[in-house]
Amino acid sequence: MADATTSIKKKAYRMDFSDAFKGQMIVSDALSITNSTIEALKEKAVLIMDLEEQLDSLVYHTPLYVYKLSYRVKTPEGLKLNEVFAYVDSLTGVKSIRESQSDREEMEEDYSKIITKSIKTMGLIDEINSLDEKNDEKLKELESFINSL
């Protein structure tokens, strides 16, 4: 390893300005890619921690109670009986009031948040993989540049 470092240093002293500039640009690009990778990894870690927290909350999800509420409305034809459905849980209270009974919509709201974050996490993983490939290419370019000196 020390021999390789010494060899690179000797080659660096013999470089002209254009070679030095080219080497600097390759290293600068590689560092930029590495910084982007680090930022994407940080964002991925935050998303994964948030996903785990949301998944835990679904495991201990409070029951959803549905109440059918009937009320009268005065119309030109006389009194009319209407119904609405109230969705209530013990943590947040009333979640919503709907004209039709659809437990599915209320439950989907909680799961859709997790799905959205999962999709974003998968996108970040693809971005990280792409950045890794670009970084590998830059390192090969740098190695080729050093060997050509």
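Comments concerning the pattern of salt bridges
Thinking step 1. Going through the model one piece at a time under the given rule, you end up with six salt bridges.
Thinking step 2. Between Lys 42 and Glu 39 there is a salt bridge; the shortest N-O distance is 3.4 Å. Within this pair, Lys 42 and its partner Glu 39 are both found in helix α2 (residues 17-59), separated by three residues, close to a single helical turn.
Thinking step 3. Using a relative accessible area of 48% as the deciding quantity, one classes Lys 42 as partly exposed.
Thinking step 4. Residue class for Glu 39 comes out partly exposed when judged on its relative accessible area of 47%.
Thinking step 5. A salt bridge links Lys 138 to Glu 141; the shortest N-O distance between them is 3.2 Å. Taken together, the residues Lys 138 and Glu 141, both in helix α3 (residues 103-148) and three residues apart, mark about one turn of the helix.
Thinking step 6. Through salt bridges with shared partners, a single ionic network connects Asp 29, Lys 138 and Glu 141.

Quick look at the pairing of strand β1 (residues 64-75)
Thinking step 1. As judged from the 12 bridges shared by β1 and strand β2 (residues 78-89), these two strands associate in the antiparallel manner. Among the inter-strand pairings, Tyr 65 is bridged to a residue of β2, identified as Val 88.
Thinking step 2. Where β1 hands over to β2, the hairpin turn is made up of two residues, counted between the paired strands.

The rules behind each value
Residues numbered from 1 in each chain as written. Predicted model: local features only at pLDDT ≥ 70, side-chain atom pairs only at ≥ 80, totals over all residues. Heavy atoms only, no water. Salt bridge = Lys/Arg side-chain N within 4 Å of Asp/Glu carboxyl O. Helix = DSSP H or I, 4+ residues; strand = E, 2+ residues; numbered from the N terminus. Buried < 20%, exposed > 50% of the residue type's maximum accessible area, 1.4 Å probe, protein only. Pairing = 2+ DSSP bridges.

Bear in mind that shape data such as this cannot, by itself, settle questions of function.
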